[in-house]
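# Structural characterization, general
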Amino acid sequence: MTNPYFPLLIMAAAALVLAFGGLVASAILGPTKKSQTKADNYECGIEPTSAHLHEGRFPVRYYLVAMTFIIFDIEVVFMYPWAVSFNQLGLFGLIAMLTFIALITVPYAYEWRRGGLDY
């Protein structure tokens, strides 16, 4: 008899080989020519100008909108299992989901009123 954890060990070893193999392949095959352009800061399509280089800060509005999208997107993903098992959950599941929707509506309304969804 083999150990029941043997397939898991093989999968972990394959994952490590793929991860380190990708790192080694990119180090060997990737371009190594250094330049000032590659070393400059790059932020969401904004060309670095001398004004930005002296200020040291880039606008973060793009990232705030992206993070807001990710947060609300993940919250909506939690509704899929509920929709699949809606008949089995009954009234308790309906009340739990209505509470969840009410809880995510409050920050959504706050973000909308604050202007965080206007990009």
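Residues numbered from 1 in each chain as written. Predicted model: local features only at pLDDT ≥ 70, side-chain atom pairs only at ≥ 80, totals over all residues. Heavy atoms only, no water.

With an unreviewed UniProt entry as reference, the chain is termed NADH-quinone oxidoreductase subunit A, source organism Schaalia cardiffensis F0333. The Sequence similarities (unreviewed entry) comment attached to the chain in UniProt states, word for word, "Belongs to the complex I subunit 3 family." Under the Catalytic activity (unreviewed entry) heading, UniProt states for the chain: "a quinone + NADH + 5 H(+)(in) = a quinol + NAD(+) + 4 H(+)(out)". (UniProt positions renumbered as here; feature names shortened; annotations may be inferred.)

Together, Phe-86, Leu-91, Leu-94, Ile-95, Leu-98 and Ile-101 make up an exposed nonpolar region whose accessible area comes to about 530 Å². Position of Leu-98 among the secondary structure elements: in helix H6 (residues 86-114). Of the residues examined, Leu-98 reaches a relative accessible area of 52% and is grouped as exposed. (Patch = residues over 30% accessible without salt bridge, like charges linked within 9 Å, V, L, I, M, F, W, Y side chains within 5 Å. Areas by Shrake-Rupley, 256 points an atom, 1.4 Å probe, with all protein chains shown as cover. Salt bridge = Lys/Arg side-chain N within 4 Å of Asp/Glu carboxyl O. Helix = DSSP H or I, 4+ residues; strand = E, 2+ residues; numbered from the N terminus. Buried < 20%, exposed > 50% of the residue type's maximum accessible area, 1.4 Å probe, protein only.)

This part is about the packing of aromatic side chains. Tallied over the full model, the rule gives 4 aromatic pairs. Pairing Phe-72 with Tyr-108 gives two aromatic rings, centres 5.5 Å apart and planes at 90°, and the pair type is edge-to-face. With Phe-72 in helix H4 (residues 61-77) and Tyr-108 in helix H6, this pair connects stretches of sequence that are 36 residues apart. The exposure class of Tyr-108 is partly exposed, given its relative accessible area of 36%. Considering the side-chain rings of Trp-82 and Phe-86, the 5.3 Å spacing of their centres and the 80° angle between planes classify their relative orientation as edge-to-face. When its relative accessible area of 22% is taken as the criterion, Trp-82 is described as partly exposed. (Phe/Tyr/Trp six-rings, centres within 6.5 Å; stacked < 30°, edge-to-face > 60°.)

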